[in-house]
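Each chain, written out:
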Amino acid sequence: MEAMDHLFRRESGRMVAVLTRIFGVQNLSLVEDVVQDAFCRALEVWAFRGVPENPSAWLMTTAKNRALDLLRRERTARTHEPEISRLLHSEWTLAPALAEMFSDSAIQDDELRMMFTCCHPRLPQEAQVMLVLHILCGFSIDEVAAAFVTSHTAVEKRIPRAKKILAGSKTMFDTQAPAELSARLPAVQRALYLLFNEGYHGASAECVVRFELCQEAMRLIAMLLQHALGATPASYALASLMCLNRARLPARMDSSGKLNSLFDQDRSLWDKKLVEEGLNLLELSATGSEITEYHIEAAIAAEHAVAPNMEETDWGKIVSLYDSLMNICPSPIIALNRAIAIGQREGAERGREALREIARSDRLAKYPFYHAAFGESELQTGHRERASKHFSKALQLSRNPIERQFFERRLRACR
Amino acid sequence: MSEFAFLYRGRNTNASPEQMQRTMEKWTAWFKDLGAKGHLKDIGHPLEPGGSVVKGERKTVNDGPFAEAKDVVGGFTLISARDLPQAVELSKGCPILEAGGSVEVRPIQKLNM
């Protein structure tokens, strides 16, 4: 029996992808009904008869049979791909055509097609990420809301609105068209990057949720790397960044939900295999002339990953990497990380100056780790009182119990 | 020991894939537990949600579904238990209760009283 870990979630994305190819994006809700029905059946039959030898094949066959029923009854395949419509219209070719469409390799193509379809240019970035999570990763509205620490009602409004825009586009994205694929690839990479970050840095208090989001982003980027046109240097760099950060996650956050900063992580908990994989991917990303922010972020992560401890970290190199990052995509958050690195390289005083020099720092005013950075810096130079003021501010702004506990610990360190 | 039928009612069609998988796993565990304790006379069968109802002397045939989703019988099991209170107690472990469904516990009538 194959691993049951999140089987339903995973199969949900696969079933939705292939059924959408058959019925068309405008029938997404019909597709979702078919998928839901397959899960209801699985629940009922498996409960009584046990889980079948190959559960994912069982689900796929159930979905395929239901699709066959619907196509026979309606006599109109609703897809907008003429070649498929022709095959699905004739009783002679219907069953073999469906069998072909439900093959593993075809489904993987469909998942990729769905990934690009979800990143529709008319959708705001956050909506794209939510759609990817909802459609391809099988997260319910509630689960998406929990992952993004947003209210159920907000997500409940956003996702249907986003689906409506997809439905209006009539066709799924054509992943075989090189020009279109290259044009939309950055949006897809961005969505996967944000999905990963939501897990890695996000505000969800559920340790499990965070791991899952990272895992899903890594599954999808791996899929992208298998596509000839999707496997660009930027995609490799992004995959590398995910591996290197994911490798540190067990030390960053333990199962009780305790958050550890890079400074006091137990490095023996870092996943060595993932570090190695990340370094390999980083090497694969070093082709072509384009250097993306993913390349630089991965290079920074690699510096941390190979350093035995804080003291022996090459902070000079990290600062210069942050400088390059500021050139490509300046943001207050990057400036904040750069300032922290400067503090490590040149001492707390210089670090504090760099913190004060951050442009548009008003945008960080509500970000707890901005205030915590001042706190750490003051603490290093022995200004306990000033440090504790900064940590109190961070504590006030903390977004969940995990962050709260973290800043409480830092506050105690000031006494 | 007496025998009882458990009739499971209700089909939660709004659950997320993850919740459905968990529910399925809970069912498997529950049946396994009942079996291990010797209460599982016959695990029974899940029932298709659709079907037909044949009614009255004129034998009119109507298509299912016959009732609202929450009232549809989704399956049944035969249970061995000491008495009705024990059977009821056993039914309280059924995962369908967490999903808004219900279990009907019905003693099976016997020839020899």
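What you are looking at is a predicted structure, and each value in this text was computed from that prediction instead of being measured. (Residues numbered from 1 in each chain as written. Chains lettered and ligands numbered in written order. Predicted model: local features only at pLDDT ≥ 70, side-chain atom pairs only at ≥ 80, totals over all residues.)

Asker: Explain the overall build of chain B to me, please; I cannot follow it from the model alone.
Answerer: Secondary structure summary: chain B contains two helices and six strands in total. Starting at the N terminus, the α and β elements of chain B follow one another as β-α-β-β-β-β-α-β. Referenced to the eigenvectors of the C-alpha coordinate spread, the extents of chain B come out at roughly 45 × 45 × 20 Å. The 113 residues of chain B split such that 24% are buried. Taking contacts inside chain B between residues at least 6 apart in sequence as the whole, the part at least 24 apart equals 75%. (Helix = DSSP H or I, 4+ residues; strand = E, 2+ residues; numbered from the N terminus. Buried ≥ 20, exposed ≤ 12 C-beta atoms within 10 Å, placed from the backbone. Contact = placed C-beta atoms within 7 Å.)

Asker: Looking at this model, I keep getting lost on the overall build of chain A. Mind explaining?
Answerer: When its secondary structure is counted, chain A shows 20 helices and zero strands. Relative to the 2.2 N^0.38 estimate, which gives 22 Å for 415 residues, the radius of gyration of chain A is 24 Å and therefore close to what a compact globule would have. Over its C-alpha atoms, taken along the principal directions, chain A stretches across nearly 80 × 50 × 40 Å. Within chain A, the fraction of its 415 residues that count as buried is 43%. In chain A, the proportion of contacts linking residues at least 24 apart, taken out of those at least 6 apart, comes to 62%. (Rg over C-alpha atoms; globule rule 2.2 N^0.38 Å.)

Asker: Got a minute to help me understand the environment of Thr292 of chain A in this structure?
Answerer: All names here are of chain A. Among the structural elements, Thr292 can be located in the loop between helix H13 (272-285) and helix H14 (293-306). Separated by 37 residues in the primary sequence, Thr292 and Cys329 place their C-alpha atoms 9.3 Å from one another. With near-sequence residues (within four places) excluded, Thr292 lies in contact with Ala234 and Ala237.

Asker: What is the right way to read the interface of chain B and chain A from this model?
Answerer: Reports often express the size of an interface as the amount of accessible area lost when the parts come together. With 17 residues of chain B at the interface, the matching set in chain A holds 19 residues. Top contributing element to the side of chain B that touches chain A by residue count: helix H1 (residues 17-36) of chain B, with eight residues. Broken down by class, the residue content of the side of chain B that touches chain A amounts to six nonpolar, nine polar and two charged. (Nonpolar A, V, L, I, M, F, W, Y, C, P; charged D, E, K, R; others polar.)

Asker: Which parts of the structure should I look at to understand the nonpolar core?
Answerer: A general trend in soluble globular proteins is that nonpolar side chains are found buried together. By size, the foremost hydrophobic cluster in this structure holds 134 residues, and its most contacted members are Leu19, Val132 and Ala217 of chain A. Once residues lying within four places of it in the same chain are set aside, the contact partners of Val132 of chain A are Met115, Cys118, Cys137, Ala191 and Leu195 of chain A. (Core = buried A, V, L, I, M, F, W, Y, C linked by C-beta atoms within 7 Å.)

Asker: Looking at this model, I keep getting lost on the pairing of strand E1 (residues 2-9) of chain B. Mind explaining?
Answerer: Sheet faces and side chains relate simply in a regular strand, where the side chains alternate between the two faces. All names here are of chain B. As paired strands, E1 and strand E5 (residues 73-81) are joined by eight bridges and run antiparallel to one another. Across the sheet, Ser2 pairs through a bridge with Ala81, a residue of E5. One ladder, built from six bridges, connects E1 with strand E6 (residues 102-107); its direction is antiparallel. Looking at the pairing, Arg9 lines up with Ser102 of E6. (Pairing = 2+ DSSP bridges.)

Asker: I would appreciate a short explanation of helix H12 (residues 233-252) of chain A in the present structure.
Answerer: Residues spaced three or four apart along an α-helix point in a common direction, a consequence of the helix completing one turn every 3.6 residues. Between its first and last C-alpha atoms H12 of chain A spans 28 Å; for 20 residues at 1.5 Å apiece the expected length is 28 Å, and the two agree. Counted residue by residue, H12 of chain A has 16 buried out of 20 residues, so it is predominantly covered. (Expected span 1.5 Å × (residues − 1).)

Asker: How should I be thinking about the sheet that holds E1 of chain B in this particular structure?
Answerer: Each strand in a sheet pairs with its neighbour through backbone hydrogen bonds, running either in the same direction (parallel) or in the opposite one (antiparallel). Residue and element names in this part refer to chain B. Strand order in the open sheet formed by four strands is E2-E5-E1-E6, and the pairing between neighbours is antiparallel. Strands with a single pairing partner mark the edges of an open sheet, and in this sheet they are strand E2 (40-46) and E6. Direction aside, neighbouring strands of the sheet carry axes that sit 15 degrees apart on average. (Axes fitted to C-alpha atoms, helices over the stretch in contact; angles between N-to-C directions.)

Asker: How should the packing of H13 of chain A against H14 of chain A be read in this particular structure?
Answerer: Packed helices, taken two at a time, are described by their axes: the angle between them and the distance between them. Residues and elements named next belong to chain A. At their nearest, the axes of H13 and H14 sit 10 Å apart, and the two run at 145 degrees to each other. Along this stretch, H13 crosses H14, giving a crossing that reads as left-handed. Only His295, Ala298, Ala299, Ala302 and Ala305 of H14 make contact with H13, whose side of the interface consists of Val275, Gly278, Leu279, Leu282 and Ser285. Of the residues contributing to the contact of H13 with H14, the split by class is seven nonpolar, three polar and no charged. (Left-handed = near helix turned anticlockwise from the far one by under 90°.)

Asker: Please clarify how helix H10 (residues 178-200) of chain A should be interpreted in this entry.
Answerer: Residue and element names in this part refer to chain A. The end-to-end C-alpha separation of H10 is 32 Å, in line with the 33 Å expected for 23 residues at 1.5 Å each. Along H10, the largest kink reaches about 40 degrees and is centred on Arg184; proline Pro186 follows within four residues of it. Within the sequence span of H10, burial applies to Leu181, Val188, Gln189, Ala191, Leu192, Leu195, Phe196, Glu198, Gly199 and Tyr200. Among the structural elements, helix H6 (104-118), helix H7 (125-136), helix H8 (141-148), helix H11 (207-225) and H12 are those in contact with the buried residues of H10. (Bend = angle between axes of the 7 residues up to and from the residue.)

Asker: Help me understand the packing of H7 of chain A against H10 of chain A in this model?
Answerer: All names here are of chain A. At their nearest, the axes of H7 and H10 sit 9 Å apart, and the two run at 75 degrees to each other. What the angle tells us is that H7 and H10 run roughly perpendicular. From H7, Gln125, Gln128, Val129, Val132 and Leu133 reach across to H10, where they touch Ala187, Arg190, Ala191, Leu194 and Leu195. Here the contact of H7 with H10 is composed, by residue class, of seven nonpolar, two polar and one charged. (Parallel < 35°, antiparallel > 145°, perpendicular 65-115°, else oblique.)

Asker: Hey, could you run me through the environment of Met223 of chain A in this one?
Answerer: Residues and elements named next belong to chain A. Position of Met223 among the secondary structure elements: in helix H11. By the C-beta count within 10 Å, which is 17 here, Met223 ends up partly exposed. Between the C-alpha atom of Met223 and that of Leu411, which follows or precedes it by 188 residues, the distance is 44 Å. Not counting the four nearest positions on each side in its chain, Met223 is found in contact with Gln108, Glu111 and Leu112.

Asker: I'm lost on unusual backbone geometry in this one. Help?
Answerer: Residue and element names in this part refer to chain A. Phi is positive for Arg360, which is not a glycine, with a value near 50 degrees. Here Arg360 is to be found in the loop between helix H17 (348-356) and helix H18 (368-380). Arg360 sits in the exposed class, given 10 other C-beta atoms within 10 Å.

Asker: Before we go on, may I ask you to explain the confidence of the model for chain B in this structure?
Answerer: Residues and elements named next belong to chain B. The pLDDT averaged across chain B works out to 91; a share of 96% of its residues lies at or above 70. Considering each helix and strand of chain B separately, the mean pLDDT is smallest for strand E4 (residues 60-63), with a value of 87, and largest for helix H2 (residues 84-91), with 97. Reported for the predicted complex are a pTM of 0.85 and an ipTM of 0.90. (pLDDT = per-residue confidence, 0-100.)

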